[in-house]
Amino acid sequence: MRYGTTNRGRAAKARLIPVLADASAIDCRDLTVRFITERRTVTALERVSFTLESGGFLSLLGPSGCGKSTLLRVVADLVPPSHGTISVLGARPEQARRSRALGFVFQDAALLPWRTALQNVELPLEVGGGAAALPKGAPTPRELLKLVGLDGWETSFPHELSGGMRQRVSIARALVSAPRILLMDEPFGALDEITRDRLNEELRRIWQETRTTILFVTHSVYESIFLGENVLVLAANPGRVKTVISIDLPKRAISRSAKPSRSCGSRARCARCLGVDDGRCRPPRQRTCRGGSALP
Ligand code: ADP
Ligand code: MG
């Protein structure tokens, strides 16, 4: 991810323009989205610019209502921009969607209850014309279930799976059409913290193994830093880029136990940008539970 800033006044300083001209996964310039309803006009996004390079992992962080989901929907060709341009893999979002270059994961796993885990993962292939259209070497639904840690659960129905397992199925389903870009809208927001931490680690591993470009929406400072190579912080009313923070931690060095201390500086910066008191940034205290293992 590369940025440059314009110097057209104070308001323009927060805007970021790409420095590299080569093909990017997502290239968004001066993007404005307005929703005009009978009662009011809402500027969900105002002059948002950023570039996400292929294979990158960008976290979108911001308070509720700042336009995070809207931005994902524009990339996915579900909402048209009011002004500005957006290019997805060098093409219009519509072309990217039609060529099945995009995968989407929502907060709700939205699985079909009458289909098994495997059948749910297979669904996009059935709807989209079968596996024949997939690139050579693309992982099969069974391989994807294994990738997300559900080996042996192929024949289970959604009601037999935990919330975390259902979300793993939805990630496998999103990956089944071998998308170049995965759009994730608070996918772990409804899960308990322990499951969420585990899935964060799983997602990092999946990203490293598949090298799929990921645009990940969250309002968790902690999650945004643990996952993203960069964190794009949005401000609300209207939704706009507040800052971009590069997470320059060696990814291999961030483990479950190392997270709190290693990422503390970046997390404090993100938290300050959001204007929130991030209590998790205090110096980590080592506590020991009964079984003797250290809790971060
Ligand atoms: P976030 O995901 O950051 O919580 P959203 O992108 O969902 O925020 O919404 C940004 C703003 O746009 C909010 O004020 C919301 O009410 C408004 N908005 C989103 N979608 C629509 C819509 N379809 N019609 C009217 N207003 C909308
Ligand atoms: Mg949202």
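Residues numbered from 1 in each chain as written. Chains lettered and ligands numbered in written order. Predicted model: local features only at pLDDT ≥ 70, side-chain atom pairs only at ≥ 80, totals over all residues.

(A) Representation of the overall build of the chain in the model. Per the secondary structure count, the chain includes 10 helices and 13 strands. Summarising the internal contacts of the chain: among those between residues at least 6 apart in sequence, 68% fall at separations of at least 24. (Helix = DSSP H or I, 4+ residues; strand = E, 2+ residues; numbered from the N terminus. Contact = placed C-beta atoms within 7 Å.)

(B) Just the confidence of the model for the chain, in detail. Per-residue pLDDT for the chain averages 81, and the proportion of residues at 70 or more is 76%. Confidence over residues 1–21 falls short of pLDDT 50; this stretch has 40 contacts with residues more than four positions distant or in other chains. In this model residues 281–296 is a low-confidence stretch, pLDDT under 50, and it forms 16 contacts with partners more than four residues away in sequence or in other chains. (pLDDT = per-residue confidence, 0-100.)

(C) Local environment of the site of ligand 1. Lining the immediate environment of ligand 1, one finds 13 residues, of which Phe35, Ala44, Lys68, Ser69 and Thr70 sit closest. Where the shell around ligand 1 is concerned, the elements lending two or more residues are β4 (41–52) and α2 (68–75). Sort the elements by how many residues they give to the shell around ligand 1 and α2 lands first, with 3 residues. Tallied by class, residues from the shell around ligand 1 come to 4 nonpolar, 8 polar and 1 charged. (Near = placed C-beta within 6 Å. Nonpolar A, V, L, I, M, F, W, Y, C, P; charged D, E, K, R; others polar.)

(D) Representation of the pairing of strand β5 (residues 57–61). Counting buried positions along β5 gives 5 out of 5 residues, so the element sits mostly inside the fold. The side-chain alternation of β5 yields two buried faces, one formed by Phe57, Ser59 and Leu61 and the other by Leu58 and Leu60. Here 5 bridges tie β5 to strand β9 (residues 213–218), and the two strands are oriented parallel to one another. What sits directly across from Ser59, in β9, is Phe216. Of the pairings in the sheet, the one linking β5 to strand β10 (residues 230–235) comprises 4 bridges and is parallel in character. Within the sheet, the bridge partner assigned to Leu60 lies in β10 and is Leu232. (Buried ≥ 20, exposed ≤ 12 C-beta atoms within 10 Å, placed from the backbone. Pairing = 2+ DSSP bridges.)

(E) Expanded view of the environment of Val42. By the element assignment, Val42 lies in strand β4. The spacing of Val42 and Pro238 is 196 residues in sequence and 7.9 Å in space, taken between C-alpha atoms. Discounting chain neighbours no more than four positions away, the residues touching Val42 are Arg34 and Phe35.

(F) Expanded view of the environment of Val233. Mapping Val233 onto the fold places it in strand β10. Among the residues examined, Val233 registers 24 C-beta atoms within 10 Å and is labelled buried. Here the alpha-carbon distance between Val233 and Ala271, two residues 38 residues apart in the chain, equals 9.7 Å.

(G) The arrangement of the sheet that holds strand β3 (residues 26–36) in detail. With antiparallel pairing, 3 strands are arranged side by side in an open sheet as β4-β3-β6. This sheet does not close on itself; its edge strands, each paired only once, are β4 and β6 (83–88). The average undirected angle you get between the axes of adjacent strands in this sheet is 25 degrees. (Axes fitted to C-alpha atoms, helices over the stretch in contact; angles between N-to-C directions.)

(H) Seen up close, the sheet that holds β5. Taking strand neighbours across the sheet as the criterion, the 6 strands line up as β7-β8-β9-β5-β10-β11 in an open arrangement whose pairing is mixed. Because the sheet does not close on itself, it has two edges, and the strands there are β7 (102–105) and β11 (240–246). Taking each pair of neighbouring strands and ignoring which way they run, the sheet shows an average axis angle of 20 degrees. Packed onto the sheet, α2 meets β5, β8 (181–185), β9 and β10 and runs at close to 155 degrees relative to β9.

(I) Inspection of the pairing of β4 at higher detail. Note: β3 against β4, 8 bridges, orientation antiparallel. The residue bridging Leu31 from the neighbouring strand is Val48, located in β4. Between the end of β3 and the start of β4, which pair antiparallel, lie 4 residues.

(J) Structural view of unusual backbone geometry. Between Asn237 and the following residue, Pro238, the backbone shows a cis peptide bond with an omega angle of -5 degrees. Tracing the backbone through its elements, the reader meets Pro238 in the loop between β10 and β11. In this structure, Arg100 is a non-glycine residue whose phi angle is positive, near 55 degrees. Assignment of secondary structure puts Arg100 in the loop between α3 (93–98) and β7. For Arg100, a count of 17 C-beta atoms within 10 Å translates into the label partly exposed. Positioned with a positive phi, Ala110 is a non-glycine residue whose angle comes to about 50 degrees.

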